[in-house]
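# Breakdown of the fold
Okay, here's what each chain looks like letter by letter:
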Amino acid sequence: MSLQPNRLTSVGKKSVMYFFLVIFAFIFSFPFYYMFVLATVPGTKIFSYPPHLFFKDSLWTNVKALLDDIPFFVNFFNSAAIATISTVAVIFFCTMGGFALSKYDFKGKKAIFIFILSTMAIPPFLNIVPFFKMMVAFHWYGTWLPLIVPGMANAFGIFMMAQFTKDSIPAALLDAARIDGLTEFQILMKVAFPLSRAGIGVLGIITFINSWNNFLGALIMLPNTDKTTLPVALSKLFMQMDGDRGGLMAGTVLAVLPLMVVFIIFNKQIISGLTAGSVKG
Amino acid sequence: MRKKVISILTMFALSFSIFATGQQGESDPVPAFDPEKEYSLSFGGYGDLERAYKTIFESAEFKKALPNITFEYQMADFGGHHDRLTTVLAAGEATNDIEALEIGFIAKFVEGGGLTNLAAAPFNGIEEGKDIVPFAMSNATTAEGRLVAYPVDIAPAVLFYRKSLADAAGVSLDNLKSWDEYIEAGKKLTIDKDGDGVIDQFAMPHASEVAMMPLNGGKGGWFDEDNNPLQPKQKFMDSLDLVKKIREAGIDGDLGAWSGPWIQAFADGTVASIVNGAWWGGALKAWVASDLAGDWRVAPLPGGLYASQGGTYLSIPQQVPLENKAAAWEVIKYLTTTSHAQLSTFEQIDAYPALTTVYDDDIMNEDVPYFGGQKIRQLYADVANNIPSAKVSEYDAVVLAIFNNAVTDVLVNGSSSEDAYNKALNEIRAIVD
Amino acid sequence: MLNRSQKWAPYLFLSPFFILFLVFGVFPIGYSITISLFKWTVSGPQEFRGIGNYVKLLTTDPFFVGSLWTTFLLLIFGSLLQHFFAIPLAILLNNKSLKGGDSFRLLYFLPYITSSVVIALIFSQMFDHNYGWLNYIIENVFGGEKVKWLQDPRAIRSSIAIMVNWRFIGWNTIIYMAGLQSIDQSLYEAAEIDGASGLRKHLHITVPLLLPIIFFAVSLSIIGGMQLFEEPFVLMRGYEQMGGPNNAGLTSAYYLLATGFSFNRFGKASAIAWILFVIILGMTWINKMVTDKLQK
């Protein structure tokens, strides 16, 4: 069941292909590797030139410095909880909206699609000022709500799921489900969600990462060190006069591990989309 | 008709403020501070400030003076902190009772709004701050005499150099009468040590680092009394000419600030000197060139120039609850006008005191072994006392950005100083409104 | 005939978006449009300007029009170019006979989760013209002359484009990978029976079927590219200078942020935002037209 059986038969072609894949993999992943190296370098040697390219032995010192400087586990929990809740909510609401846009015919569909797309084109940079004003008026300042609720059914996710469900859910299957007496909501839950796994995988990865890395939002909405997220807590370690960035680098690496785990989990969904896609074949 | 549209829009615009509850004006009376009462204050700042101030707030001296105040901190990196503060103030809100500000960010608040006027009663900040170094006070004061923030630390600019390299080249950098003298000495400091045909020792890391020295360190002074930008012209031409001369003399290493090679250059002998703020001495000693103890020296800037390279201010946002304002002011006063707090901050994070009375303290007269036993802190004090007061304006940030581009025009594009100056002037004229 | 629930379901499914938009979107948008008509500083409205901010930006402002040009160039060579890498890469990685596909996918995605602090450190190391890795390779491997990556106005844009490509190729690859999952395998088998070559097969089967996803990914690139600021901001020292020599690194979004957060002109910054909005809308519309045409 390979896509191109005849192309990959020749060993020569294959090795050329792997050669390039490996070169590019190196280019793309080197800074990531370097990040891990820096976490093991003594804190004042981060800027050293020539740069340290291999692991050193200060990881434990750096982790200890990190744990002394910030309430790491508290911040980690805050970040993880906000990102997880956001991701679950976004997957639910955006798949629902995207499914509606791609698989139903209804009055105003085109206008709604264009409207949703247009809201994405508004540069978001300055909206933080009126948004912050609103959050204070709502008494949401200092809670997680501003970081979760407004983005739950966002234009990006709906647009994306509309495009992904276009081809992955066959119309015939929906009709069959209706004949079987399923309600529209049951169809959403039992047909649309399972068949959208590839798209959901991508949406989950992107939402989780963006929520985790939402620096300015968390900085502005969350009042102090114990309430804030990991990236914000780490940022205060950046300007130390004594030049010791060990804690910062250790924290940076620890902050990225959950993102890798999330990628691996959702990546499985993307690929397992294959079997789901074959339903229509 | 037009008027009507405008008034409707203005109404709409002003209605945004109804979102905020209990907006307070300038004139609302601040209740007196009650030492018996319990206050809980929040502090917003960046980098090392939490460490420095926490130490003070937990000290016995502070607890004796202000026993009933507890603190929370909202900290971030430098850029993040100022973006947050700008957002909060632009929204007409306040989230912390005390907010730190770097000098470069003050200008935009100087024109009014956002921050409490500390010159007014009951703060009487000008009176209370009579021992604070004058240029720092004037940098936070508007044309109408509003004082929007209070100086807590400063960074007098000096010339750091390596004694052994200067001796080897047979030059002295201690009392340079002019930048030309510096450049002449610099030529002798710029050499090919290992004889491989490539220069490997430079007088300074990057020519652009001196651009702000004739210009008060770039902190204010961009407009003259009649609000004309970049006047008097000669002052700004001097800056561009100086940068150009240094580059043409070939004595700078063209090293980008804070890159790995730039930092390494201070430890491995690639550069012999640098112009920087007083705090740089702490960085050299602590980690940049900790192995070179006894070799680095400090000298005043060439040609009798005095400049500031940054500094921290403390402010109270306008929308802070009135009760907290009273307590916040007590804390700010403690941090800025007691020798305990000023010296403690200096020891903790090398932030040089803004309070002139501590310059006579024993600590400030100590020999500093890292700098070969020099009394560097007295030298800093001398610079601090002589930095001229400069007028700040709301356009300082944009003018600084434009002028920095003029500096790169001279350095990178080889523009003449005249052309770069005129281009910058035209850009500034087009952009001010 | 649609039954009733089938008629109402799509509105119900889309209602969360509209509720959230009404609650959280309308006020900021109204606010932003309004302040774009004023001279508006951190302390609020100073003076009514009408469309003055817009007119000035498009006529006498010394930086804005140039920043649009920079943005377009970076959009083409940074954000759009990468699709020509990402699509073939996704097809390649989707190949079942490829060993280690999972690992490659992860490795290619890493730029998106690498800390921006470390990225800034690495790229300044790479682009350093005295000691940088790129110039080392250019000098010693190709015998070329050192390039002043972050100083020469032309090189600055290349540096930014390189950084953008590096960061987002893997991201787009993942999106295309997911899109490929819904393509019916039997179509390829049929094509093979007809004797189609690999390249033709993809041009005639994969790309047309991937069009909805291409439209999506390209739309995102247009939006992201027209709002590009982080990479030039980091490489060009933020608010301290106007995007480097000849303003080569000053994108419109960079200028927008500086105008608002540093230069204290929120009204003018909002006007920039709305000009960008119109341009993005226009480009997205063209993208839609082209996609629709190709789909037929």
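Up top is the structure.
Let me sum up the structure you'll find in this document. (Residues numbered from 1 in each chain as written. Chains lettered and ligands numbered in written order. Predicted model: local features only at pLDDT ≥ 70, side-chain atom pairs only at ≥ 80, totals over all residues.)

A few words on the overall build of chain A. Helix and strand counts for chain A come out as 13 helices and 0 strands. Going from the N terminus to the C terminus, chain A shows its helices and strands as α-α-α-α-α-α-α-α-α-α-α-α-α. Taking all 281 residues of chain A together, the buried fraction comes to 51%. Summarising the internal contacts of chain A: among those between residues at least 6 apart in sequence, 77% fall at separations of at least 24. (Helix = DSSP H or I, 4+ residues; strand = E, 2+ residues; numbered from the N terminus. Buried ≥ 20, exposed ≤ 12 C-beta atoms within 10 Å, placed from the backbone. Contact = placed C-beta atoms within 7 Å.)

So, on to the interface of chain B and chain C. Listed by partner, the interface residues are 38 residues for chain B and 34 residues for chain C. Only α1 (2–15), α4 (78–90), α5 (103–110), α11 (260–268), α17 (396–412) and α18 (417–431) of chain B provide two or more residues apiece to the side of chain B that touches chain C. No other element matches the 9 residues that α17(B) contributes to the side of chain B that touches chain C. The residue makeup of the side of chain B that touches chain C, split by class, is 17 nonpolar, 13 polar and 8 charged. (Nonpolar A, V, L, I, M, F, W, Y, C, P; charged D, E, K, R; others polar.)

Our next topic: the nonpolar core. Formed by 324 residues in total, the largest nonpolar core has its most connected members in A:Ile158, B:Ile106, B:Val158, B:Val243, C:Tyr176 and C:Ile272. For this core, the element with the most residues is helix α8 (residues 153–180) of chain C, which contributes 15 residues. Looking at which domains feed residues into this core, each of domain 1 (33–155 + 310–365) and domain 2 (159–304 + 392–431) of chain B gives three or more. Dropping the residues within four chain positions of it, C:Ile272 is found in contact with C:Leu57, C:Phe64, C:Ser252, C:Tyr255, C:Leu256 and C:Thr259. (Core = buried A, V, L, I, M, F, W, Y, C linked by C-beta atoms within 7 Å. Domains from an automatic or database assignment.)

Moving on, we come to the interface of chain C and chain A. How big an interface is tends to be stated in terms of accessible area lost as the parts join. Counting residues at the interface gives 77 residues for chain C, matched by 72 residues for chain A. Of the residues in the side of chain C that touches chain A, the class split is 51 nonpolar, 21 polar and 5 charged.

Here the focus is the environment of C:Ser252. All names here are of chain C. Tracing the backbone shows Ser252 in helix α12 (residues 252–262). Ser252 sits 123 residues away from His129 along the chain, and the two C-alpha atoms are 27 Å apart. With near-sequence residues (within four places) excluded, Ser252 lies in contact with Ser67, Leu68, Thr71, Ile272 and Leu276.

Moving on, we come to the packing of α17(B) against α18(B). All names here are of chain B. The interhelical angle for the contact between α17 and α18, taken along N-to-C directions, is 155°, at an axis separation of 9 Å. Between α17 and α18, the angle is such that the two are roughly antiparallel. Of the two elements, α17 crosses α18, and the hand of that crossing is right-handed. Contacts between α17 and α18 involve Val398, Val399, Ile402, Phe403, Ala406, Asp409 and Val410 on the former and, on the latter, Ser417, Ala420, Tyr421, Lys423, Ala424, Glu427, Ile428 and Ile431. (Axes fitted to C-alpha atoms, helices over the stretch in contact; angles between N-to-C directions. Parallel < 35°, antiparallel > 145°, perpendicular 65-115°, else oblique. Left-handed = near helix turned anticlockwise from the far one by under 90°.)

Right, let's talk about helix α1 (residues 11–40) of chain A for a bit. All names here are of chain A. In a regular helix each residue adds 1.5 Å, so 30 residues correspond to 44 Å; α1 covers 40 Å between its end C-alpha atoms and thus fits that length. At Ser29, α1 shows its maximal kink, close to 45°; a proline, Pro31, follows between one and four residues later. Those residues of α1 not exposed but buried are Leu21, Ala25, Phe28, Ser29, Pro31, Phe32, Met35, Leu38, Ala39 and Thr40. (Expected span 1.5 Å × (residues − 1). Bend = angle between axes of the 7 residues up to and from the residue.)

Residues and elements named next belong to chain B. Within strand β5 (residues 273–277), 5 of the 5 residues are buried, leaving the element largely enclosed by the surrounding structure. By the bridge criterion, 5 bridges tie strand β4 (residues 150–162) to β5 in an arrangement that is antiparallel. The residue of β5 that forms the bridge with Ala157 is Gly277. (Pairing = 2+ DSSP bridges.)

Residues and elements named next belong to chain B. Mapped onto the elements of the fold, Met204 is located in the loop between α9 (179–189) and α10 (233–249). The spacing of Met204 and Ile274 is 70 residues in sequence and 5.4 Å in space, taken between C-alpha atoms. Residues in contact with Met204, not counting those within four places in the same chain, are Gly186, Glu209, Ile251, Asp252, Val271, Ser273 and Ile274.

A word on the pairing of strand β3 (residues 98–102) of chain B. All names here are of chain B. Among the 5 residues in β3, 4 count as buried, and that is most of the element. Judged from the 2 bridges that link them, strand β1 (residues 39–46) and β3 form a sheet pairing that is parallel. Note that in β3 the partner of Gly44 across the bridge is Glu99. With 4 bridges joining them, β3 and strand β7 (residues 308–315) adopt antiparallel strand pairing. Each bridged residue has a counterpart across the sheet, and for Ala100 the counterpart in β7 is Leu314.

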